[in-house]
Structure formats: structure tokens, C-alpha cells
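# A closer look at the structure
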Amino acid sequence: MPRVYNFSAGPATLPVEVLEKAQKDLVDYQGTGMSVMEMSHRSPEYKAIFDGAIDKLRSLMSVPENYKILFLHGGASAQFGMVPLNLFSDIKKADYINTGAWSKKAIAEAKRYGDVNVLASSEDKTFSYIPTITKDMFDPEADYVHITTNNTIYGTTFPELPDVGKVPLVADMSSNILAQVYDVSKFGIIYAGAQKNIGPAGVAIVIVREDLVGNELDICPRMFNYKTHVDNGSMFNTPPTYAIYMAGLVFEWLTERGGVAEMQKINEEKAGWLYDYIDNSSLFSGTADRVSRSKMNVPFVTTSEELDAKFIKESALIGLKTLKGHRSVGGMRASIYNAMPPEGVKTLVDFMKDFELKNK
Ligand SMILES: *Cc1c(COP(=O)(O)O)cnc(C)c1O
């Protein structure tokens, strides 16, 4: 079986070069006689892998010195709880912007610990747009503001970051971290589950500004305290060693290809081909608002559910896999993260053209 083009939203496709490198080193990692999976997380060999991954990520995202990078368990979902448990002060107030299912989950979790003000939402139109946000909407007293930079299910992205003044901006960047250039210094915390645009499932990346560490609520469990992980270099307990190793290989792959700015160019091009075709098609249409549509997740529909089903079935037959939309929205969704080769998007657009001709 040749490799397919896998448009899964996550866990998602990985660069084939990375998989091949991991395969080569799977049984005997560079003459150590053991797999990375089998290594003590405190061994010098593993420490080199771990430190290398941190250094590469710091350099790829130009993470300033006053930010810590953590590799944690629990996915992005654990951060829905960790953020309020660590950032709420005595007043326990936070502003959230509700742009989708993941934002809603983050909101529900934060509400367990304090007052959450949802200052804008796009739920009225099935989260197909990013609400307009102005500076005066934010509470200057809030402990933090939370956004989801890219909404994986609905295919929307904040066209620009909101101006939150001095309040720390916290971002769930699970589905577009490393896909476009962000100025890390604009954020208090960035977090992301790895399985969308970084590596295999099992590790979450947290980039946290130093002054936000060490102010946790009394009830905060030790494993949920950023300070625990900062003080122990993400090794308070056994970290997800293999997932971190794989993420490190992806960071290396990105670095070799010119880094995030170069990826952003390629991603704009890839998404451009797909949107240009959809915008001019009489059979397909995009479901997200144009100004806020995502370059990572492209949801679209045909004119009927029957044709959607036919499209999903026939595309899979030629190796275009996992194009079914999220169960909550239906239709199709092409996730075209960094690791999706331009060829994959071209093949998809060609197939769509062909499908349109045959199903007019
Ligand atoms: C997938 C996803 C999550 C959930 O990630 P887990 O690692 O499974 O907890 C959260 N937020 C966004 C934006 C996502 O795309």
C-alpha cells in the first residue's frame, strides 16, 4: 500500500521523512542498542533528545528568554483546567471568546474555578466566523483573556490578535501552532496538543511567561501546577518520552525547510489553491466566513448530503483519506497542516474538479 494523502484533523499526517528517520532508529537509536521508547528519561542520551527538542522549538518560534517551554501530559484539554488553576488571582475573573467547541470546553472548565465572562461568541451562526472584538470589551481587571487561535472543527482563524492591553492573553493554538508566525511576546501562555501540527498524540506544548508561574490556587493539584513542571524541567514524573522525541524530529524537519515563515508561505499557497477553486465552483462551497477562514482546516460542502457522501467515498478510493467533516457539522473538511505536501492539496483540487464535471 503506498502512502495516502491523509486529511485527518488529528491525529494527523506526519512528514514521511520524519517517520522514516524514526523507523531507521526504532530498534537501535544511534548505536545505543535500545529504542528511544526504552530509554530512561534521565539518561544522557535522552536528555540530549529532550534538550534538542526544546532548543529547536525555542528557535523556531523565537520564544523570548522569559518564557518557559514545557512538554506535558493531558493534551490541550488538561490546559483548559490548568490555565484557571494557575492564573486566577483572588478576584478569579477571566474573559473568554467563544469561537467553537474547544472554546466551549475551555469555558466550561474555567467556570468550575471562577467567574468567566464570555465577551463575544459566534455560536449564533454555527461558529462560522470570528466575532469582531474591540479593546473596550476587555475587563482590565481580568486575570487573563482566553482565545482559540484556530478553530479546528469550523475552519476559522483569528485574522489578527485582539488587543487585550496588559491582561495576559492565553491561546489554545493546538491546530495552528508553527503554521504561521506569531509574536510569542504578545501572549501570557500558548498551549497546544501535539497531534495536529506537531507530532503524535501524547504530549502537549506549553509556553508560559515566567511571571505567570507560581501563583496557583491553593486547590491546584501538584501535577496541574506549572511551577511543578518548571522547577523539574518537565520531568517531575516520566514525560511522554517517545512523543517528545517525535516532536523533536518534526522541529528539525521544519528547521531544515526554512522554519515557520517559510511554512506560512507554503500554507497560504496550499489553502489558496483550495479556496480559489471552491470560491469559483458551482458544486462546492466553503462554510466559513471569508475573512476569518483557516489555512489549516478547510470545511466545505456540495449541494446535498448524498453528494457529500459520494464525494467522501470516491475520494477515499483514490487515496484521499479522512475528508469527512466533524460529526457535529457534517460535509467535508480537509486538514492541510504543515506536513500535508503541496502535491496532496493539488491532487485533492484535481479530484474535486473531476467530481464536479461528473456530478453537475
Ligand atoms: C484537538 C483540539 C483540542 C483537544 O486536544 P487534546 O489534546 O485531545 O486534549 C483542543 N483545542 C483545539 C483547538 C483542538 O484542535
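What comes next is a walk through the structure.

### A closer look at the site of the ligand
Taken together, the residues surrounding the ligand are Gly75, Ala76, Ser77, Phe80, Trp102, Thr148, Asn150, Thr152, Asp172, Ser174, Gln195 and Lys196. Separating an oxygen atom of the ligand from a backbone N or O atom of Ala76 is a distance of 3.0 Å. Residue Lys196 places a side-chain N or O atom 2.6 Å away from an oxygen atom belonging to the ligand. The fraction of the free accessible surface of the ligand (390 Å²) that becomes covered by protein chains is 88%. In terms of residues, the shell around the ligand owes the most to one element, helix H3 (residues 75-87), which gives four residues. Of the residues in the shell around the ligand, the class split is three nonpolar, seven polar and two charged.

### Here's the deal with the sheet that holds strand E12 (residues 297-301)
Strands sit in the order E11-E12-E14 across an open sheet of three strands; the sheet is antiparallel. Only two strands of the sheet have a single neighbouring strand rather than two, namely strand E11 (285-286) and strand E14 (332-335). Judged from the four bridges that link them, E12 and E14 form a sheet pairing that is antiparallel. In the strand pairing of E14, Val298 is matched with Ala334.

### Points about unusual backbone geometry
Residue Pro11 is reached from Gly10 by a cis peptide bond, and omega for that bond is -10°. Locating Pro11 in the fold gives a position in the loop between strand E1 (5-6) and helix H1 (16-24). Located in the positive-phi region is Ser62, a residue other than glycine, with phi close to 45°. Turning to its location among the elements, Ser62 is positioned in the loop between helix H2 (44-60) and strand E2 (67-72). Positive phi is not limited to glycine here, since Thr322 has a value of about 60°. Tracing the chain through its elements places Thr322 in the loop between strand E13 (320-321) and E14.

### What to know about the pattern of salt bridges
Pairing is possible between side chains that carry opposite charge, provided their charged atoms lie close to one another. Enumeration according to the criterion identifies 18 salt bridges in this entry. Among the salt bridges present, the one from Asp211 reaches Arg209, with a minimum N-O distance of 2.7 Å. Residue class for Asp211 comes out partly exposed when judged on its relative accessible area of 45%. For the salt bridge of Lys265 with Glu262, the shortest nitrogen-to-oxygen distance reads 3.4 Å. Here the residue Lys265 and the residue Glu262 both occupy positions in helix H7 (residues 259-280), the gap between them amounting to three residues, near one helical turn. Judged by relative accessible area, which is 53%, Lys265 ranks as exposed. In the salt-bridge network here, residues are joined through shared partners; they are Glu17, Glu256 and Arg257.

### Brief notes about the side chain of Glu356
With respect to the element layout, Glu356 can be found in helix H9 (residues 342-358). Buried charge without a salt bridge: Glu356, with Lys360 as the nearest opposite-charge side chain at an N-O distance of 5.3 Å. A distance of 2.4 Å separates polar atoms of two side chains, one belonging to Glu356 and the other to Tyr277. One polar contact links the side chain of Glu356 to the main-chain amide nitrogen of Ser282, over a distance of 2.9 Å.

### Some words on the sheet that holds E2
Pairing between the strands of a sheet is mediated by backbone hydrogen bonds and can be parallel or antiparallel. Reading across the sheet, the seven strands line up as E2-E10-E9-E8-E5-E3-E4 and stay open at both edges, with mixed pairing between neighbours. The open sheet has two edge strands with one neighbour each: E2 and strand E4 (115-121). Each strand axis lies, on average, 15° off the axis of its neighbour in the sheet, ignoring direction. When strand E5 (residues 144-148) meets strand E8 (residues 169-172), the two strands line up parallel, connected through four bridges. In the sheet register, Val145 faces E8, and the bridge partner there is Leu169. In this fold H2 packs onto E2 and strand E10 (204-209), with an angle of close to 130° to the strand it touches most, E2.

Each value, and the rule that gives it
- Residues numbered from 1 in each chain as written.
- Predicted model: local features only at pLDDT ≥ 70, side-chain atom pairs only at ≥ 80, totals over all residues.
- Heavy atoms only, no water.
- Near = heavy atom within 4 Å.
- Polar contact = N/O pair within 3.5 Å; in protein donor to acceptor, adjacent residues only side chain to side chain.
- Areas by Shrake-Rupley, 256 points an atom, 1.4 Å probe, with all protein chains shown as cover.
- Helix = DSSP H or I, 4+ residues; strand = E, 2+ residues; numbered from the N terminus.
- Nonpolar A, V, L, I, M, F, W, Y, C, P; charged D, E, K, R; others polar.
- Pairing = 2+ DSSP bridges.
- Salt bridge = Lys/Arg side-chain N within 4 Å of Asp/Glu carboxyl O.
- Buried < 20%, exposed > 50% of the residue type's maximum accessible area, 1.4 Å probe, protein only.
- Lys, Arg positive; Asp, Glu negative; His and termini not counted.
- Axes fitted to C-alpha atoms, helices over the stretch in contact; angles between N-to-C directions.
- Contact = heavy atoms within 4.5 Å.

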